[in-house]
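Here are the chains, one letter per residue:
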Amino acid sequence: CIETSAVLSDAMDRSDFLLVPVVSTPGADGELVAKAAAGLPYVAVPDGSPSWQELCSMQIDKVRNQGLDESIGQVVIVKKNGRVATRFLGVPNWGAITGEVDARVSMGMDTKTI
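Okay, so let's go over this structure. The model shown is predicted, which means the values in this text are computed figures rather than measured ones. (Residues numbered from 1 in each chain as written. Predicted model: local features only at pLDDT ≥ 70, side-chain atom pairs only at ≥ 80, totals over all residues. Heavy atoms only, no water.)

What to know about the overall build of the protein chain
Per the secondary structure count, the protein chain includes five helices and two strands. When the elements of the protein chain are put in sequence order from the N terminus, they spell out α-α-α-α-β-β-α. Relative to its 114 residues, the protein chain shows a buried fraction of 25%. Restricting the contact set of the protein chain to residue pairs at least 6 apart, pairs at least 24 apart contribute 50%. Looking at the protein chain as shown, the accessible area adds up to about 7,600 Å², and 54% of this sits on carbon and sulfur atoms. (Helix = DSSP H or I, 4+ residues; strand = E, 2+ residues; numbered from the N terminus. Buried < 20%, exposed > 50% of the residue type's maximum accessible area, 1.4 Å probe, protein only. Contact = heavy atoms within 4.5 Å. Areas by Shrake-Rupley, 256 points an atom, 1.4 Å probe, with all protein chains shown as cover.)

Right, dumping it as structure tokens:
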């Protein structure tokens, strides 16, 4: 997820996104996440706090309860007001997501609450 966003680093930053990667593979090295995020201002490495672990657990339970394949990764897009905008599986189409923000800016539409 981090690698696919890096090619659009400027657009990600301009869109005011905050990407928080979740390591969902048991035994995966969190250091690799931190290394991949280095130098990308829109990426925040999670702290692993109990609250964060609880959120991750709740989200993966939702995927499992729906009978979906959790191994392809999970994306939860949270709006700036703290509400979940959407959830999906797989790698995000960062070009489409940042393009939507750019389009709103060019039309003079609000981007502070999306």
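Quick word on unusual backbone geometry
Non-glycine residue aspartate 16 carries a positive phi angle of around 65 degrees. With respect to the secondary-structure elements, aspartate 16 resides in the loop between helix H2 (9-14) and helix H3 (30-37).

Describing the pairing of strand E1 (residues 74-78)
Two faces make up the sheet, and in a regular strand the side chains alternate between them. Direction of pairing for E1 relative to strand E2 (residues 84-89): antiparallel, over a ladder of five bridges. Following the sheet pairing, valine 78 is matched in E2 by valine 84. Connecting E1 to the antiparallel partner E2 that follows it, the hairpin turn spans five residues, and glycine 82 within it adopts a positive phi of roughly 90 degrees. (Pairing = 2+ DSSP bridges.)

A few points about the side chain of glutamine 59
Summarising the element assignment, glutamine 59 is placed in helix H4 (residues 50-65). On the accessibility criterion, glutamine 59 (8% relative accessible area) is buried.

With respect to a nonpolar patch on the surface
Taken together, the side chains of Val76, Val78 and Val84 make up a nonpolar region of the molecular surface, amounting to roughly 200 Å² of accessible area. As for its position among the elements, valine 76 is in strand E1. Exposure remark for valine 76: the relative accessible area of 30% places this residue in the partly exposed category. (Patch = residues over 30% accessible without salt bridge, like charges linked within 9 Å, V, L, I, M, F, W, Y side chains within 5 Å. Salt bridge = Lys/Arg side-chain N within 4 Å of Asp/Glu carboxyl O.)

Some details on the side chain of arginine 104
Position of arginine 104 relative to the elements: it lies in helix H5 (residues 94-106). Residues contacting arginine 104, with those up to four places away along its chain left out, are Met109, Asp110, Thr111 and Ile114.

Some points on the pattern of salt bridges
In this structure the tally under the stated criterion is two salt bridges. The salt bridge involving aspartate 102 is made with arginine 14; its shortest N-O contact spans 3.0 Å. Of the two residues, aspartate 102 is situated in helix H5 and arginine 14 in helix H2; the sequence distance between them amounts to 88 residues. Judged by its relative accessible area of 53%, arginine 14 is exposed. For arginine 64, the salt bridge is made with glutamate 70, and the minimal N-O distance between the two is 2.7 Å. Taking relative accessible area as the criterion, arginine 64 reaches 47% and is therefore assigned partly exposed.

Topic: the nonpolar core
Core analysis: the biggest nonpolar cluster contains ten residues, these being Ile2, Met12, Leu19, Val33, Ala37, Leu40, Tyr42, Val43, Trp94 and Ile97. Residue assignment for this core shows that the elements contributing at least two residues are H3 and H5. Ignoring any residue separated from it by four or fewer positions in sequence, one finds methionine 12 in contact with Ser5, Phe17, Tyr42, Trp94 and Thr98. (Core = buried A, V, L, I, M, F, W, Y, C linked by side-chain atoms within 4.5 Å.)

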